[in-house]
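Spelled out, the chains give:
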There are 2 protein chains.
Amino acid sequence: MRDVSIIGIGQTPVREHWDKSLRQLAVEALLAALKDAHVDEVDAIYVGNMLSGELTGQEHLGALLADQLGMNGIAAMKVEAACGAGGSAIHAGYLGIAAGQYRRVAVVGVEKMTDLWNGNVAAGLAMAADGEYEAANGISFVGLNALIMRRYMYEYDLVEEDFAPFALNAHTNAVNNPNAMFRKAVTLDQIRKSKKVADPISLFDASPVCDGAAALILSRRENLNGNSARAIEIAASTIATDTLALHDRQDPLWLRAVELSSIKAYAQAGITPQDIDLFELHDAFSIIAPMSLEAAGFARRGTGTYLARDGAIAIDGKLPISTMGGLKARGHPIGASGVYQAVEAVQQLRGEADKNQVQNARLAMTQSLGGVAATAVTHILRGKG
Amino acid sequence: MRDVSIIGIGQTPVREHWDKSLRQLAVEALLAALKDAHVDEVDAIYVGNMLSGELTGQEHLGALLADQLGMNGIAAMKVEAACGAGGSAIHAGYLGIAAGQYRRVAVVGVEKMTDLWNGNVAAGLAMAADGEYEAANGISFVGLNALIMRRYMYEYDLVEEDFAPFALNAHTNAVNNPNAMFRKAVTLDQIRKSKKVADPISLFDASPVCDGAAALILSRRENLNGNSARAIEIAASTIATDTLALHDRQDPLWLRAVELSSIKAYAQAGITPQDIDLFELHDAFSIIAPMSLEAAGFARRGTGTYLARDGAIAIDGKLPISTMGGLKARGHPIGASGVYQAVEAVQQLRGEADKNQVQNARLAMTQSLGGVAATAVTHILRGKG
């Protein structure tokens, strides 16, 4: 395999961008990434997006964005894996370079969930689950996560408040991230008193509907030119899947795709979980955080919440997570989130995370999930640190 | 680059499959391809599809099909580039193997356009064009192609009847393809008298709305096992783009993405257009056939129809096209068509095309287009011949 590096990052703030279209957001992030990489062209664009057709009435985002960027002619495609689309687009772009087909690739994750052309977001999100069985029987995507959380609490003798430290950590970290959606500090008391969205999931246990775009420029190591000092290596890029429908899982409390993609990623990078300095996990709902920590090898089964309780997930903890706010507080523009995670991990590994800097960060892991972790995309990024 | 070969093919008949769902069609094609390849597992599935969300209410096809195939755990993703989704999925799968990430990959193109959950096909197809400018102003996808055909006729002094030999060739070849949608022989007279769909495009100038799935199994050369005798090499896999909106093109009569991806493909395979033994082009509308022949280097500008008039495109002609019926008569289940083309090219290169066999076929080119060739995906396949 050829070495693949990230040489540029860009992002829009995550907001309800009522004044910007999908293409504007994507181009804004792409131009920022090109500028950051000091390059003015790429050989291919990979677009991570889930719902542009359903919500914006626009498919064919690859050709659209190559064109909008003034680069029509180059290769382009859209990659979709529900909420794991962003991570999957990075994986596809990574392979394009690793194969020797492309010298430089742009990856952009973008999602426009407000100011809709058609449809509704809840119906769109339900398309991440099994349409013929789950959606057809009326369960929403948040409902599926609520079922898991209820069962998890029952099996491991926990209450809703045991999950609050995850939201608190995310919101605390978002305060210092200018691109985060929620920048107002919150208290444990506020989180505990927040209203239910889908019992037992409360408002602070769920990520928001929002718009945003994030972009990366990838390059082969031999083409880094003047960028080698700031280049961040992609040490692993892996995907694994699980049953799409929750009811088909023998063990609904174990995220098998997270486990499989993590194990493959550790092997590809030649490391163990203990080597990871920070973990941008897919905290679309609070319940997914402890389950990801467990399946990725950072906590024993049923003990993921202890890491939050004990402060291990804080910026200065043993395993910082959601260091720029996570999906919960930076926001979760679904197809974009996997790329936001990578952008933030690069900020950390470059030492550019400002007040949220994880000291001596050298290895960062990001994990982009689709559905209830029916798809898990894991990346391990290695800095010079 | 590692050598990548196609070791298995599978397809469903193209029909209005009112009794089969998207997942059934895809699994049927995948199982046939696995059987044909004599393998029972792959490392990853790449799904080419455009409108599953809009028409079937289901995204996340990668995880869905890995699961339905009994292979949950493996890597999976959906690739979209409008009607070029099938070709793009092959490209992505090809890179996965060429990069050394996967040993064996399944690629499936699938589209379900009848028996809809929601939406309508015309609105869905319009998403291949520029939503904010073209679709918003009310032009349909067939309308865009009608504009080009009208201009092409004006510039090159042609009439509707000059395009009829393309439809005749496609329908003639479909008669002997059991998987084709239209198997009844038609006459030039019938084609000439057919009604207009969007003037000057008549019924016989447009491909049908239909359902279908086609699949390939790709493998590295060193992992062919017992399959080497029937393996077909992917000698080139390239993508290029053009402006998404027709009105942005300086020359709307020249398919620049087709030209660029063809040139790159010839270079990658180390051949010239004269070496190509058959060309599965994207005849979604008659007008696209001569324009593809020109941009891909088989005819001078404005003379593409002459190849049809002179019989060069027939099975026993100099450059057979649409040898199993093409998009016009085999049918065009949009995201699947690019994979059908590859399946049919493999049938030709293996010498398994029965009555439609192109004699001594060794090099086949397939071209999968998205929108009005805003995306062009070109593959060159090399047989032992």
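Quick note: structure is the one above.
Rules of the game
Residues numbered from 1 in each chain as written. Chains lettered and ligands numbered in written order. Predicted model: local features only at pLDDT ≥ 70, side-chain atom pairs only at ≥ 80, totals over all residues. Heavy atoms only, no water. Buried < 20%, exposed > 50% of the residue type's maximum accessible area, 1.4 Å probe, protein only. Helix = DSSP H or I, 4+ residues; strand = E, 2+ residues; numbered from the N terminus. Pairing = 2+ DSSP bridges. Least-squares fit on C-alpha atoms with pLDDT ≥ 70 in both. Contact = heavy atoms within 4.5 Å. Salt bridge = Lys/Arg side-chain N within 4 Å of Asp/Glu carboxyl O. Polar contact = N/O pair within 3.5 Å; in protein donor to acceptor, adjacent residues only side chain to side chain.

Residue and element names in this part refer to chain A. Along strand β2 (residues 44-48), 5 of the 5 residues are buried, which leaves the element largely enclosed by surrounding structure. Every second residue of β2 is oriented toward a common face, with A44, Y46 and G48 on one face and I45 and V47 on the other, all of them buried. As paired strands, β2 and strand β3 (residues 75-80) are joined by 5 bridges and run parallel to one another. For Y46, the partnering residue across the bridge sits in β3 and is M77. Taken together, the 5 bridges between β2 and strand β4 (residues 104-111) define a ladder with parallel strand orientation. Following the sheet pairing, A44 is matched in β4 by V105.

Here we come to the relation of the copies chain B and chain A. Screw-axis analysis of chain B against chain A gives a translation of 0.0 Å along the axis, an RMSD of 0.0 Å, and a rotation angle of 180°. With respect to symmetry, the two chain copies, as superposed, fit the operation of a two-fold axis. Ranked by how close their C-alpha atoms come to the rotation axis, the residues of chain B are headed by A99(B), at 1.9 Å. When you check the interface residues of chain B against chain A, 100% turn up at the interface there too, and the contact is symmetric in its surfaces.

Turning our attention to helix α10 (residues 288-295) of chain B. Residue and element names in this part refer to chain B. Of all the 8 residues making up α10, 8 are buried; the element is thus mostly covered by neighbouring parts of the structure. Every buried residue of α10 is listed here: I288, A289, P290, M291, S292, L293, E294 and A295. On its buried side, α10 packs onto α6 (141-156), α7 (164-174), α9 (256-269), β9 (278-280), α11 (304-309) and β10 (363-370).

On to the environment of S88(B), then. Within the secondary structure, S88(B) is located in helix α4 (residues 85-98). Through-space distance from the C-alpha of S88(B) to that of G212(B) is 17 Å; in sequence the pair is 124 residues apart. Leave out the neighbours within four places in its chain, and S88(B) touches M77(A), V79(B), A81(B), I239(B), T375(B) and V377(B).

The subject of this paragraph is the pattern of salt bridges. Summed over all chains, the structure comprises 40 salt bridges over all chains. R192(A) serves as the salt-bridge partner of E161(A), at 3.3 Å between the closest nitrogen and oxygen. Taken as a pair, E161(A) in the loop between α6 (141-156) and α7 (164-174) and R192(A) in helix α8 (residues 188-193) lie far apart in primary sequence, 31 residues in all. What makes E161(A) partly exposed here is its relative accessible area of 44%. On the basis of relative accessible area, R192(A) is assigned to the partly exposed category, the value being 42%. A salt bridge links R350(B) to E352(B), with the nearest nitrogen and oxygen atoms 3.2 Å apart. Residue classification places E352(B) among the partly exposed residues on the basis of a relative accessible area of 37%. By sharing partners, the salt bridges in this structure join D36(A), R230(A), R350(A) and E352(A) into a single network.

Mapped onto the elements, D36(A) comes out in helix α1 (residues 22-37). Among the polar contacts made by the side chain of D36(A), one reaches the side chain of R350(A) at a distance of 2.7 Å.

With an omega dihedral of 10°, the bond running from D199(A) to P200(A) counts as a cis peptide bond. Locating P200(A) in the fold gives a position in the loop between β5 (196-198) and β6 (201-202). Positive phi, close to 45°, is recorded for S322(A), a residue that is not glycine. By the secondary structure assignment, S322(A) is in the loop between α11 (304-309) and α12 (326-329). A positive phi angle is found at D157(B), which is not glycine, with a value near 55°. Within the secondary structure, D157(B) is located in the loop between α6 and α7.

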